[in-house]
Amino acid sequence: MSELERIGVSLDKELLAQFDKLIAGQGYKIRSEAIRDLVRKQLSEEQLENPNAKAVAAVFLVYDHHATKLSDSLVDLQHSHTLSQLVQVISSLHVHLDEHDCLEIIVLRGQAGEIRKIGDNILSMKGVKLGRINIVAV
Ligand code: NI
């Protein structure tokens, strides 16, 4: 672990009260941890503006498995070594929600810009009902 440095931060009381309420609701016990996480989040978001940044993402989708060819397309995509030289599928999770719908979470690692492109391609496939891409720089 790198060396710690203490800093002092001045905030007006009202802003601090709102912050404390927010982080208490999120389960933080100490402000320092909440502030560290906020800084990391902001830095990660800043890094993601670079399409070449290294990132990991979970592509989360709900789809009807009766949708023509969608299940096959998703499996093909995950087996494909030609998916992209810049992105790998590193894991996936499939849950049968009910007699129609499936939840799939596909974990991708690689360049942020390519991950977004592939994620958008997945989510725009015919039969996908809902979805989102959660991406973080690493
Ligand atoms: Ni299923």
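Just above, that's the structure.
Residues numbered from 1 in each chain as written. Predicted model: local features only at pLDDT ≥ 70, side-chain atom pairs only at ≥ 80, totals over all residues. Heavy atoms only, no water.

S.K.: Explanation requested: the coordination of the nickel ion in the structure shown.
M.R.: Under perfect tetrahedral coordination by four donors, a metal shows angles of 109.5 degrees; under perfect octahedral coordination by six donors, it shows angles of 90 or 180 degrees. Those donors, His94 (NE2), His96 (ND1) and Cys102 (SG), are the protein atoms that reach the nickel ion, and they lie 2.0 to 2.3 Å from it. The motif formed by the donor residues of the nickel ion, counted along the single chain, is H-x1-H-x5-C. Exposure remark for His96: the relative accessible area of 63% places this residue in the exposed category. Using a relative accessible area of 2% as the deciding quantity, one classes Cys102 as buried. (Donors = N, O, S within 2.8 Å, 3.2 Å for Na, K, Ca; no water. Buried < 20%, exposed > 50% of the residue type's maximum accessible area, 1.4 Å probe, protein only.)

S.K.: What am I meant to see in the packing of helix H1 (residues 13-25) against helix H2 (residues 31-48) here?
M.R.: Angle between the axes and distance between the axes: these two values describe a pair of packed helices. Where H1 contacts H2, the two axes come as close as 11 Å, and the packing angle between them is 90°. With respect to each other, H1 and H2 are oriented roughly perpendicular. Between H1, through Leu16, Phe19, Asp20 and Ile23, and H2, the contact on the second element is made entirely by Arg31, Ala34, Ile35 and Leu38. Here the contact of H1 with H2 is built from residues that sort into six nonpolar, no polar and two charged. (Axes fitted to C-alpha atoms, helices over the stretch in contact; angles between N-to-C directions. Helix = DSSP H or I, 4+ residues; strand = E, 2+ residues; numbered from the N terminus. Parallel < 35°, antiparallel > 145°, perpendicular 65-115°, else oblique. Contact = heavy atoms within 4.5 Å. Nonpolar A, V, L, I, M, F, W, Y, C, P; charged D, E, K, R; others polar.)

S.K.: So what exactly am I meant to see when it comes to the nonpolar core here?
M.R.: Side chains of nonpolar character tend, in soluble globular proteins, to be buried together. Counting residues in hydrophobic clusters, the biggest one holds 22 residues, and the most contacted among them are Leu61, Leu74, Ile106, Leu108, Ile115, Ile122 and Ile135. Element by element, the count of residues in this core is highest for strand S1 (residues 54-64), at five residues. For Ile122, the contacting residues outside a window of four places in its chain are Val59, Leu61, Leu74, Leu77, Ile106 and Val128. (Core = buried A, V, L, I, M, F, W, Y, C linked by side-chain atoms within 4.5 Å.)

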